[in-house]
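Each chain, letter by letter, is given below.
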Amino acid sequence: MKVRVGIPALYIVLSGLALVQLLPLIWLLFFSLKSNQEVFNLPPFSLPTHPHWENYAKAWTDANIGRYFLNSVWITAVSVMFTVLLASFSAYAITRMKWRLNSLVLGLFMVGMMIPVHSTLIPLFNLFSNIGLKDHPLSVVLSYIAFNLPITLMILLGAYQVLPREVEEAAVMDGCTVPRMFFQIILPMTSSAISTTMIINMIYNWNEFIFVNTFISSDNLKTLTVGVQNFVGQYTTDWGAIGATLMISILPILLIFFILSNRIMEGMTAGAVKG
């Protein structure tokens, strides 16, 4: 009897929590279809009198959001690819190889998680200015890689620690080299953890504002998070276009999250149970 009552009640509670999580997205959708007058005169969750789909066209063309969107896509993709690859190299070297500075290197990576982002802005700005990378997308990419490496490595360590060494020993006996073993055997075996780290990195890089706003000044190099400011004027603000821009920026992350969602929990729990 308790099971019969408990399971439906659990589903009801979870459905309610899911609905609460969806409310901000529903509000943002309605917000993006309203005019400035409707934004302030109508209740937050009310439908617009006449949906202003032109807000999306205005966001994409008039404010150069299309360019910002492409910048966000390629900067995020490059940063995620190199972050995951470097973290995979490091996790493999730390967990599967024996060398003298193993613990020291791992400790240095973990120290990186304790460094606040804001405390590095001025030193990084001076560094990039001195080496000619100020107002260059590479400055943003390098910053994303550096700050995301520790958390990415920490997630991958659990996955690498539980990999059976017998697989590597069999590969070595068959004449497999270390690079080939890493790319053809180890990486596919840790695909769940890699998917999790990719999602985490994508969300951070896609929504990041501080680095882009500090290091990039050219309009054609800005990303979506900074480009939203184009609709904020000295005397007027186009709130509907801002809502449309935010909806455009959210959709790619939601789509990728749904595609890779089946592997997220697998990657987060990798290494939790040994034996």
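Figured I'd write up the structure that's included with this text. (Residues numbered from 1 in each chain as written. Predicted model: local features only at pLDDT ≥ 70, side-chain atom pairs only at ≥ 80, totals over all residues. Heavy atoms only, no water.)

**Looking at the packing of aromatic side chains**
For any two aromatic rings, the description comes down to two numbers: the centre-to-centre distance and the angle of the planes. Tallied over the full model, the rule gives 15 aromatic pairs. Here W27 and F31 contribute two aromatic rings whose centre-to-centre distance is 5.1 Å and whose plane-to-plane angle is 35 degrees, an arrangement assigned as tilted. Here W27 and its partner F31 are both found in helix α1 (residues 2-32), four residues apart, which amounts to about one turn of the helix. Overall, W27 belongs to the partly exposed group, its relative accessible area being 34%. Linked through ring pairs, F128, Y144, F147, Y204, F211 and F215 together constitute an aromatic cluster. (Phe/Tyr/Trp six-rings, centres within 6.5 Å; stacked < 30°, edge-to-face > 60°. Helix = DSSP H or I, 4+ residues; strand = E, 2+ residues; numbered from the N terminus. Buried < 20%, exposed > 50% of the residue type's maximum accessible area, 1.4 Å probe, protein only.)

**Section: the pattern of salt bridges**
All chains considered together, the criterion is met by one salt bridge. Close ionic contact of R96 with E168 constitutes a salt bridge, the shortest N to O distance being 2.3 Å. On the criterion of sequence distance, the pair formed by R96 in helix α4 (residues 65-96) and E168 in helix α8 (residues 165-173) is long-range, its members being 72 residues apart. One exposure class covers both R96 and E168, and it is buried. (Salt bridge = Lys/Arg side-chain N within 4 Å of Asp/Glu carboxyl O.)

**Structural notes on empty space enclosed by the protein**
Enumeration over the complete set of coordinates arrives at one cavity of 30 Å³ or more. With three residues, the single largest contributor to the lining of the largest cavity is α4. Taken together, the residues that form the lining of the largest cavity break down as four nonpolar, five polar and one charged. (1 Å grid on protein atoms, 1.4 Å probe; cavity = no way out; pocket = protein on both sides within 12 Å on 5 of 7 lines; lining within 4 Å. Points joined across faces, edges and corners; volume = space filled by probe spheres on them. Nonpolar A, V, L, I, M, F, W, Y, C, P; charged D, E, K, R; others polar.)

**Comments concerning the packing of α8 against helix α9 (residues 178-189)**
Relative orientation and spacing of two packed helices are given, respectively, by the angle between their axes and the distance between those axes. Where α8 meets α9, the closest approach of the two axes is 11 Å, and the angle between their N-to-C directions is 160 degrees. With respect to their mutual orientation, α8 and α9 come out roughly antiparallel. At the point where α8 passes α9, the crossing takes the right-handed sense. Contacts between α8 and α9 involve V167, E168, A171 and V172 on the former and, on the latter, M181, I185, I186 and M189. (Axes fitted to C-alpha atoms, helices over the stretch in contact; angles between N-to-C directions. Parallel < 35°, antiparallel > 145°, perpendicular 65-115°, else oblique. Left-handed = near helix turned anticlockwise from the far one by under 90°. Contact = heavy atoms within 4.5 Å.)

**Some remarks on the packing of α4 against helix α7 (residues 137-161)**
At their nearest, the axes of α4 and α7 sit 7 Å apart, and the two run at 40 degrees to each other. Relative to α7, the element α4 is oriented oblique. Read as a crossing pair, α4 and α7 show a hand that is right-handed. When grouped by side-chain class, the residues that make up the contact of α4 with α7 number 20 nonpolar, eight polar and one charged.

**Describing the layout of surface pockets**
One number sums up the size of the largest pocket: a volume of about 180 Å³. In this structure, the largest pocket is lined by V73, T76, A77, V80, M81, V84, M198, M202, W206, P252, I253 and I256. Mapped onto the lining of the largest pocket, the elements with two or more residues apiece are α4, α10 (191-207) and α13 (239-268). Here the residues of the lining of the largest pocket sort into eleven nonpolar, one polar and no charged.

**Looking at the side chain of N205**
With respect to the element layout, N205 can be found in helix α10. Ignoring sequence-local partners within four residues, the contact set of N205 consists of T76, S79, V80, Y144 and N148.

**Structural notes on the environment of I253**
Inspection of the secondary structure assignment puts I253 in helix α13. For the pair I253 and I203, spaced 50 residues apart in the sequence, the C-alpha separation amounts to 6.8 Å. For I253, the residues in contact, after removing those within four places along its chain, are M202, I203 and W206.

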